[in-house]
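One letter stands for each residue in the lines below.
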Amino acid sequence: WTFNTPQFYWSSAGPISGKVCVQWLEASDPHTWDDNYLCSEQDWGLKWNSAGPIDGMKCTQILEASDPHTWNDNYLCAPNDSPLTFSWSSAGNNCGGHGSVHIHEA
């Protein structure tokens, strides 16, 4: 890995031009999650899965307990050898004061 300080961006209006983006999609959610993307300056090998963690990757559960549309099995995953470590909070910025991205469905 060539490690630059990672910069991430959230878009609730489709992928951002010129960035590498991974779609966050929960097909069971009737709201407009089909146009939501986490983007970065470089390809970190990130993958999204709405049906549990991905074997062979280090995954962070993206849990929204108040949402009834099967948000209990969604994961953002990075390659095992990735220098990135993610954390998630649906209750505001509770991720230890590290760089954070506000995820918001608009």
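Right above here is the structure, for reference.
Quick caveat: nothing in here was measured; it's all calculated off a predicted structure.

> Mind showing me how you'd approach the packing of aromatic side chains here?
Given two aromatic rings, their pairing is described by the distance between the two centres and the angle made by the two planes. For the structure on display, the rule yields three aromatic pairs. For the ring pair phenylalanine 8 and phenylalanine 86, a centre distance of 5.7 Å and an interplane angle of 70° mean the geometry is edge-to-face. With a gap of 78 residues between them, phenylalanine 8 in strand β1 (residues 8-11) and phenylalanine 86 in the segment after β6 (75-79) connect regions that are remote in the sequence. According to the relative accessible area criterion, phenylalanine 8 is buried, its value standing at 15%. Between tryptophan 24 and tryptophan 48, the aromatic rings sit 4.7 Å apart at their centres with planes inclined by 20°, giving stacked as the arrangement. Of the two residues, tryptophan 24 is situated in the loop between β2 (20-23) and β3 (37-40) and tryptophan 48 in strand β4 (residues 47-49); the sequence distance between them amounts to 24 residues. Like tryptophan 48, tryptophan 24 is buried.

> Sorry, what's going on with the state of the cysteines here?
One way to say it: the disulfide is the covalent bond shared by the sulfur atoms of two cysteines. Inspection of every chain in the model, using the stated rule, returns two disulfides. Covalently, cysteine 59 is tied to cysteine 77 through a disulfide, its sulfur atoms 2.1 Å apart. Across the S-S bond of cysteine 59 and cysteine 77 the torsion is about 110°, and the bridge reads as right-handed. Of this pair, cysteine 59 sits in strand β5 (residues 57-61) while cysteine 77 sits in strand β6; the two residues are 18 residues apart in sequence, bridging distant segments of the chain. Under the relative-accessibility criterion, cysteine 59 is labelled partly exposed at 25%. Once the bonded cysteines of the chain are numbered in order along the sequence, the disulfide links fall as 1-2, 3-4.

What counts and what doesn't
Residues numbered from 1 in each chain as written. Predicted model: local features only at pLDDT ≥ 70, side-chain atom pairs only at ≥ 80, totals over all residues. Heavy atoms only, no water. Phe/Tyr/Trp six-rings, centres within 6.5 Å; stacked < 30°, edge-to-face > 60°. Helix = DSSP H or I, 4+ residues; strand = E, 2+ residues; numbered from the N terminus. Buried < 20%, exposed > 50% of the residue type's maximum accessible area, 1.4 Å probe, protein only. Disulfide = S-S within 2.5 Å.

Note that every value here comes from positions in space, so none of it alone points to a role or purpose.
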